[in-house]
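What follows is each chain in one-letter form.
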Amino acid sequence: MTRTLWDSTVGKKTIMAVSGLIMLGYLVAHMVGNLKIFFGPGEYNRYGHWLRTMGEPVLHYSWGLWIVRVVLVAAVVLHGVSAYQLSRRDIRARPAKYVHKRPRASYATRTMRWGGVILALFILWHLLDLTTGTVHSGGFQEGHPYQNVVDTFSTWYGNVIYIVAMLAMGLHVQHGFWSAAQTLGVGNATRDRVLKTLANLLAVVLTAGFVSVPVAVMTGLVS
Ligand code: HEM
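Residues numbered from 1 in each chain as written. Predicted model: local features only at pLDDT ≥ 70, side-chain atom pairs only at ≥ 80, totals over all residues. Heavy atoms only, no water.

## Quick look at the nonpolar core
Step number 1: I37, M166, M169, V173, L206, F210 and V222 are the most contacted members of the largest nonpolar core, which has 29 residues in total.
Step number 2: Considering each element in turn, this core owes the most residues, nine residues, to helix α8 (residues 191–218).
Step number 3: With near-sequence residues (within four places) excluded, V222 lies in contact with I37, F38, Y146, V150, A216 and V217. (Core = buried A, V, L, I, M, F, W, Y, C linked by side-chain atoms within 4.5 Å. Buried < 20%, exposed > 50% of the residue type's maximum accessible area, 1.4 Å probe, protein only. Helix = DSSP H or I, 4+ residues; strand = E, 2+ residues; numbered from the N terminus. Contact = heavy atoms within 4.5 Å.)

This is how it looks when you write it as structure tokens:
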């Protein structure tokens, strides 16, 4: 059963859909959490602290966060590997000879591939910037995410990296959510319009919510 799921095209697409929806759930929660920056350092840092204490007293300190991390890493790996394998399959399945150059993948497919690569690179940068502090621009302070975020968006490249990544994320979510709904078979003639609207809404709200953070720092609203 597991083998069939992993080997078949529809199985890989299902894995992509489910792992994508898990990451989408995280993104919505993370965006809402980030908006707490508008309520000042106390509220924002408390959110950072809660990430480590969630699940207490049932769970030990940080266990909840580590469970979330493990689930997210599994989702990222499954999503990326399935995407790569599906795109290799797609290339192999093409008839051998074309008179002209190989027809290029559709606009949406190419956007998803490049968007995925940009997002993977962004996540790596983001973790090194705001979780470990390795590439952080200011003096990284563990346990003070508010100040760390303000430092990040006080550099031009911090703003460029994050805003470009957020736009790529919006496009990826918009098409990805729609594709996931198709794969999971939740659409039909009447529901498709609702699903498309939901995909657009999610993409716009997530992009605007995240981008509002660097914009607030750039304009001095958050400092
Ligand atoms: C303006 C945009 C964003 C800001 C200001 C932001 C801020 C932060 C901060 C401050 C942390 C560290 C939290 C802590 O350790 O207390 C963090 C962690 C994280 N962020 Fe973001 N984030 C943004 C966008 C994103 C996006 C778009 C993604 C995913 C594509 C993302 C994924 C993550 C992940 C996976 C973690 C690690 C959680 C952990 O394991 O500790 N973030 N973010």
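## Describing the pattern of salt bridges
Step number 1: This model, assessed by the stated rule, comprises two salt bridges.
Step number 2: Across the salt bridge formed by E43 and R46, the nearest N and O atoms sit 3.8 Å from each other. Taken together, the residues span about one helical turn, with E43 and R46 both in helix α3 (residues 41–53) at a distance of three residues.
Step number 3: E43 gets classed as partly exposed once you look at its relative accessible area, which sits at 26%.
Step number 4: A relative accessible area of 53% means that R46 is categorised as exposed.
Step number 5: Connected through salt bridges with shared partners, the residues K36, E43 and R46 form a single ionic network. (Salt bridge = Lys/Arg side-chain N within 4 Å of Asp/Glu carboxyl O.)

## Thoughts on the coordination of the iron atom of the ligand
Step number 1: Every protein donor of the iron atom of the ligand is listed here as H30 (NE2) and H126 (NE2), and their distances to the metal cover 1.9 to 2.0 Å.
Step number 2: Relative to the metal, the six donor atoms surrounding the iron atom of the ligand lie at angles of 86 to 178°, and the coordination shape comes out octahedral. Residue H30 is located in helix α2 (residues 9–34), and its partner H126 is located in helix α5 (residues 107–131); the two are separated by 96 residues in the primary sequence. Neither H30 nor H126 differs from the other in exposure class; each is buried. (Donors = N, O, S within 2.8 Å, 3.2 Å for Na, K, Ca; no water. Tetrahedral: all angles 85-135°; square planar, octahedral: opposite > 155°, others 65-115°.)

## Some points on a nonpolar patch on the surface
Step number 1: A surface patch of nonpolar side chains, about 510 Å² in accessible area, is lined by V18, L21, I22, I67, V71, L184 and V186.
Step number 2: Listing elements by their share of the nonpolar patch, those giving two or more residues are α2 and α4 (63–92).
Step number 3: Residue placement: I22 occurs in helix α2.
Step number 4: On the accessibility criterion, I22 (38% relative accessible area) is partly exposed. (Patch = residues over 30% accessible without salt bridge, like charges linked within 9 Å, V, L, I, M, F, W, Y side chains within 5 Å. Areas by Shrake-Rupley, 256 points an atom, 1.4 Å probe, with all protein chains shown as cover.)

## What about α5?
Step number 1: Here α5 spans 34 Å end to end across 25 residues, near enough to the 36 Å set by a 1.5 Å rise per residue.
Step number 2: The complete set of buried residues in α5 reads M112, G115, L119, F122, H126 and D129.
Step number 3: Lining the buried residues of α5 we find α2, α6 (145–152) and α7 (156–183).
Step number 4: Just downstream of α5 lies G133, where phi reads positive at about 80°. (Expected span 1.5 Å × (residues − 1).)

## Points about the site of the ligand
Step number 1: Taken together, 23 residues form the shell around the ligand, and within it H30, R52, R69, H126 and F210 come nearest.
Step number 2: For the ligand, a nitrogen atom lies 3.5 Å from a polar atom in the side chain of N34.
Step number 3: R52 has a polar side-chain atom sitting 2.8 Å from an oxygen atom of the ligand.
Step number 4: Of all the elements in the fold, those that place two or more residues in the shell around the ligand are α2, α3, α4, α5, α6, α7 and α8. (Near = heavy atom within 4 Å. Polar contact = N/O pair within 3.5 Å; in protein donor to acceptor, adjacent residues only side chain to side chain.)

## Thoughts on the packing of aromatic side chains
Step number 1: Scanning all chains against the criterion turns up five aromatic pairs.
Step number 2: Ring plane angle 50° and centroid distance 6.2 Å describe the contact between Y44 and Y47, whose orientation is recorded as tilted. With Y44 and Y47 both in helix α3, this residue pair falls three residues apart, about one helical turn. Judged on exposure class, the residue Y44 and its partner Y47 are both buried.
Step number 3: With centroids separated by 5.1 Å and ring planes inclined at 90°, the aromatic side chains of F122 and Y162 adopt a geometry described as edge-to-face. In this pair, F122 is assigned in helix α5 and Y162 in helix α7, connecting sequence segments 40 residues apart.
Step number 4: Taken together through their ring pairs, the aromatic side chains of Y44, Y47 and Y146 make up a single cluster. (Phe/Tyr/Trp six-rings, centres within 6.5 Å; stacked < 30°, edge-to-face > 60°.)

That's the geometry; what it means functionally is another story.
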